[in-house]
Amino acid sequence: MIRNKIIPLAILIASCLNRAFTKILEYGGVLESLLTLCVLIKPKTFISNIKNNTPNLIFTTYATIILVYEILFYQYDYLTIRRYAIGTYTIIPIIILSYKNEIKSFIRRYSKVIAAIFFIISFINFEDFQPTMGAQLAAGLFFVSLLYTKNFFNALLFLLIFIILSSGIIEMQSIYRTPIITFIIAYFTYISSNYFHKKNYKFISISFFTFVIIFIIISSGIFKEHITSIIIGIGGLLDNNSLIDIGNKLGGNFYTTRGDAAGTANTRLIFWRSIFEYQFTHISSLIFGYGYQHNFLEVTLPSMQFFDKELIEPHNSLINIFFRFGIIGLILFNWTIFNNIKHIIASQNLTTALPFIVISLLFISAEVALENPHGSLIFWLILNFPIIFGKYQPKNI
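Residues numbered from 1 in each chain as written. Predicted model: local features only at pLDDT ≥ 70, side-chain atom pairs only at ≥ 80, totals over all residues. Heavy atoms only, no water.

K.L.:
Just to check I follow, could you spell out the packing of aromatic side chains for this structure?
P.N.:
Two numbers describe a pair of aromatic rings. These are the distance of the centres and the angle of the planes. Evaluated as defined, the whole model comprises 29 aromatic pairs. For the pair Tyr84 and Tyr292, a centre-to-centre distance of 5.7 Å together with 75 degrees between the ring planes defines the contact as edge-to-face. Taken together, the residues Tyr84 in helix α6 (residues 78-84) and Tyr292 in the loop between α16 (283-288) and α17 (296-300) connect sequence positions 208 residues apart. For the residue pair Tyr84 and Tyr292, the accessibility class agrees, reading buried in each case. Plain terms: the ring middles of Phe271 and Phe296 are 5.2 Å apart, the flat faces sit at 80 degrees to each other, and that makes the pair edge-to-face. One end of the pair, Phe271, is in helix α15 (residues 261-279); the other, Phe296, is in helix α17, with 25 residues separating them in the sequence. Among the residues examined, Phe296 registers a relative accessible area of 0% and is labelled buried. Pairwise contacts between aromatic rings join Phe142, Phe143, Tyr148, Phe162, Phe183, Tyr187, Phe188, Phe356, Phe385 and Phe389 into one cluster. (Phe/Tyr/Trp six-rings, centres within 6.5 Å; stacked < 30°, edge-to-face > 60°. Helix = DSSP H or I, 4+ residues; strand = E, 2+ residues; numbered from the N terminus. Buried < 20%, exposed > 50% of the residue type's maximum accessible area, 1.4 Å probe, protein only.)

K.L.:
What am I meant to see in the side chain of Thr60 here?
P.N.:
Positionally, Thr60 belongs in helix α5 (residues 54-73). Look at Thr60 and you get buried, because its relative accessible area is 10%. Beyond its immediate chain neighbours, meaning those up to four positions away, Thr60 contacts Gly87, Thr88, Thr90 and Ile91. (Contact = heavy atoms within 4.5 Å.)

K.L.:
Even after reading the chapter, I still don't get α5, so can you show me in this structure?
P.N.:
Since the α-helix advances by 3.6 residues per turn, residues separated by three or four positions end up pointing in the same direction. Helix length check: α5 (20 residues) gives 29 Å between terminal C-alpha atoms against 28 Å at 1.5 Å per residue, within 8%. Three or more residues of α5 are buried, namely Pro55, Asn56, Phe59, Thr60, Tyr62, Ala63, Ile66, Leu67 and Glu70. Along the long axis of α5, the arc covered by the buried residues comes to 155 degrees, so they all point the same way. Projecting away from the buried face of α5 at angles above 90 degrees are the exposed residues Ile65, Leu72 and Phe73. (Expected span 1.5 Å × (residues − 1). Arc of directions from axis to C-beta.)

K.L.:
I tried to follow the packing of helix α18 (residues 317-347) against helix α19 (residues 350-366) on my own but got confused; where do I start?
P.N.:
Describing two packed helices takes the angle between their axes plus the distance from one axis to the other. Between α18 and α19, the least distance of the axes is 12 Å, while the angle of their chain directions is 170 degrees. Between α18 and α19, the crossing angle belongs to the class labelled roughly antiparallel. Here Ser317, Leu318, Phe333, Ile337, Ile341, Ile344 and Ile345 of α18 come into contact with α19, specifically with Leu350, Ala353, Ile357, Leu361, Ile364 and Ser365. When the residues that make up the contact of α18 with α19 are grouped by side-chain class, the tally is 11 nonpolar, two polar and no charged. (Axes fitted to C-alpha atoms, helices over the stretch in contact; angles between N-to-C directions. Parallel < 35°, antiparallel > 145°, perpendicular 65-115°, else oblique. Nonpolar A, V, L, I, M, F, W, Y, C, P; charged D, E, K, R; others polar.)

K.L.:
I'm lost on the environment of Phe153 in this one. Help?
P.N.:
The residue Phe153 is located in helix α10 (residues 152-167) in this model. In this structure Phe153 comes out as partly exposed when scored by relative accessible area, which is 46%. C-alpha separation for the pair Phe153 and Lys112, spaced 41 residues apart in sequence, amounts to 9.3 Å.

K.L.:
Mind showing me how you'd approach the environment of Ser360 here?
P.N.:
Mapped onto the elements of the fold, Ser360 is located in helix α19. Taking C-alpha positions, Ser360 is 8.7 Å from Thr182, a pair spaced 178 residues apart along the chain. Excluding anything up to four places from it in sequence, Ser360 contacts Phe379, Ile382 and Leu383. Engagement of the side chain of Ser360 in a polar contact is seen with the backbone oxygen of Phe356, the distance being 2.8 Å. (Polar contact = N/O pair within 3.5 Å; in protein donor to acceptor, adjacent residues only side chain to side chain.)

K.L.:
Sorry if this is basic, but what is going on with the nonpolar core here?
P.N.:
In globular proteins that are soluble, nonpolar side chains generally tend to be buried together. Of all hydrophobic cores here, the largest spans 86 residues; its most connected members are Ile103, Phe142, Phe143, Phe325, Trp380 and Phe385. Apart from the residues lying within four places of it in its own chain, the contact partners of Trp380 are Asn56, Tyr89, Thr90, Ile92, Pro93, Ile96, Phe333, Thr336, Ile337, Asn340 and Leu370. Of all hydrophobic cores here, the second largest spans 14 residues; its members include Trp272, Ile275, Leu301 and Ile312. (Core = buried A, V, L, I, M, F, W, Y, C linked by side-chain atoms within 4.5 Å.)

K.L.:
Explain helix α4 (residues 43-51) here, please?
P.N.:
All buried positions along α4 are accounted for by Phe46, Asn49 and Ile50. Buried positions in α4, seen along its axis, are confined to an arc of 110 degrees and lie on one side of it. Those residues of α4 that are exposed and angled more than 90 degrees off the buried face are Lys44 and Lys51. Looking at the buried side of α4, the elements it contacts are α3 (30-41), α5 and α7 (92-98).

K.L.:
Just checking my understanding: could you explain the packing of α19 against helix α20 (residues 373-389) for this structure?
P.N.:
The N-to-C vectors of α19 and α20 enclose an angle of 160 degrees; their axes lie 7 Å apart at closest approach. Classified by the angle their axes make, α19 and α20 are roughly antiparallel. Crossing of α19 over α20 shows left-handed handedness. Touching Ala353, Phe356, Ile357, Ile359, Ser360, Leu361, Phe363 and Ile364 of α19 are Gly375, Ile378, Phe379, Ile382, Leu383, Phe385 and Pro386, all from α20. For the contact of α19 with α20, the per-class residue count stands at 13 nonpolar, two polar and no charged. (Left-handed = near helix turned anticlockwise from the far one by under 90°.)

K.L.:
What am I meant to see in unusual backbone geometry here?
P.N.:
Most peptide bonds adopt trans geometry, and most residues besides glycine take a negative phi value. Even without glycine at this site, Lys150 takes up a positive phi of about 60 degrees. Note on placement: Lys150 falls in the loop between α9 (131-147) and α10. Notably, His315 is not glycine yet its phi reads approximately 60 degrees, a positive angle.

K.L.:
Explain the confidence of the model for the chain to me, please; I cannot follow it from the model alone.
P.N.:
The predicted structure's coordinates, where accompanied by low pLDDT, should not be read in detail. Taken as a whole, the chain shows an average pLDDT of 78; of its residues, 71% reach a score of 70 or greater. Confidence scores differ between elements of the chain, with strand β1 (residues 255-256) showing the lowest mean pLDDT of 47 and α16 the highest of 95. In this model, residues 215-222 is a region of pLDDT below 50 whose contacts with residues beyond four sequence positions or in other chains number three contacts. Residue range residues 252-258 is modelled with pLDDT below 50. Its contacts to residues more than four positions away, or to other chains, number 22 contacts. (pLDDT = per-residue confidence, 0-100.)

K.L.:
It is not clear to me how the pattern of salt bridges should be interpreted in this structure. Could you clarify?
P.N.:
Two side chains of opposite charge can pair, provided their charged atoms sit close to one another. Under the criterion given, the structure shown has two salt bridges. Put simply, Glu102 and Lys42 hold a salt bridge, and the shortest N to O gap is 3.2 Å. Of this pair, Glu102 sits in helix α8 (residues 100-124) while Lys42 is found in the loop between α3 and α4, placing the two residues 60 residues apart along the sequence. The closest approach of N and O atoms between Glu367 and Arg268, which form a salt bridge, is 3.8 Å. You can see Glu367 sitting in the loop between α19 and α20 and its partner Arg268 sitting in helix α15, a full 99 residues away along the chain. Of the two residues examined, Glu367 and Arg268, each falls in the buried class. (Salt bridge = Lys/Arg side-chain N within 4 Å of Asp/Glu carboxyl O.)

Structure below.
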């Protein structure tokens, strides 16, 4: 049936698109159409899930009220609508939960097909492919294979895909630091939380395999640039010259078309500071949000030059939500996440779910994630993997 394939198709498309892809199209594209079709195919299930995810509906309603206000009192165009879209993507987890059985069945049956598609897309390396999002999804599927489907071979496949995507090998670029750091933190969070629990021999085997790969990479020197890139990137993010100097001494601050590690990380810090400075000096924006009239750079850093400012986001979706919707909107959005985590705790052991929570939350804290439908779909999917594959479904879902 079409409903068994439509969500997996949307997810695969999401993992392949560039974070700016949606903004290139005036009123959205194929992914928005697929998600809308998902609602139309199972309207009753979707409506029943809305009742159990009230915070999501409240956040979208608040975002819509701001849009209506701006349409009534200000000029607006399609860019206004595109900026408003971040307020509607909290509907996506409701769609995911409406198709949880289909997603679970598809991943169990077609994991190797998904892995093959990842490999093909990676090596084709077409223009709109976004390795950061694909790597995050590969990390999520790695933990699914390891902790839920218990398929050792599939876990190795997705681990390999994750390494390929996040390393920048295919594009001959510098390492994608966010997915690498996110994966490491999620991995050690799980190991630490399971230290006193019964031994998971498959997990121990995977850990051994992973550390062998890391040892080979470090000792061979092939990925020297990537290791120093992480150190320099963290130094830039923290505005710490000591870390940058250490990275430079180890291997140098490599520059690619994506910029150098210290510079790109420090630029994010500048973005975040400028938003906080603006919000805390404009009380109405602090409480209710700036809205959708302009890109954040035009408001907070008007003198900063970019080729197309509209394609630039703060690289932290939570800070972006704070800018667009103020303290009220940030509280409402965090409510949607806490509500989701409450369902996760109700569905199973929180320890098993920790890697997925860590990956998803770090993803939206350091990337352009929730500003587009593909990033939002991947974020909510990873966060909901424990509910989709949990032994005990929450009573209200």
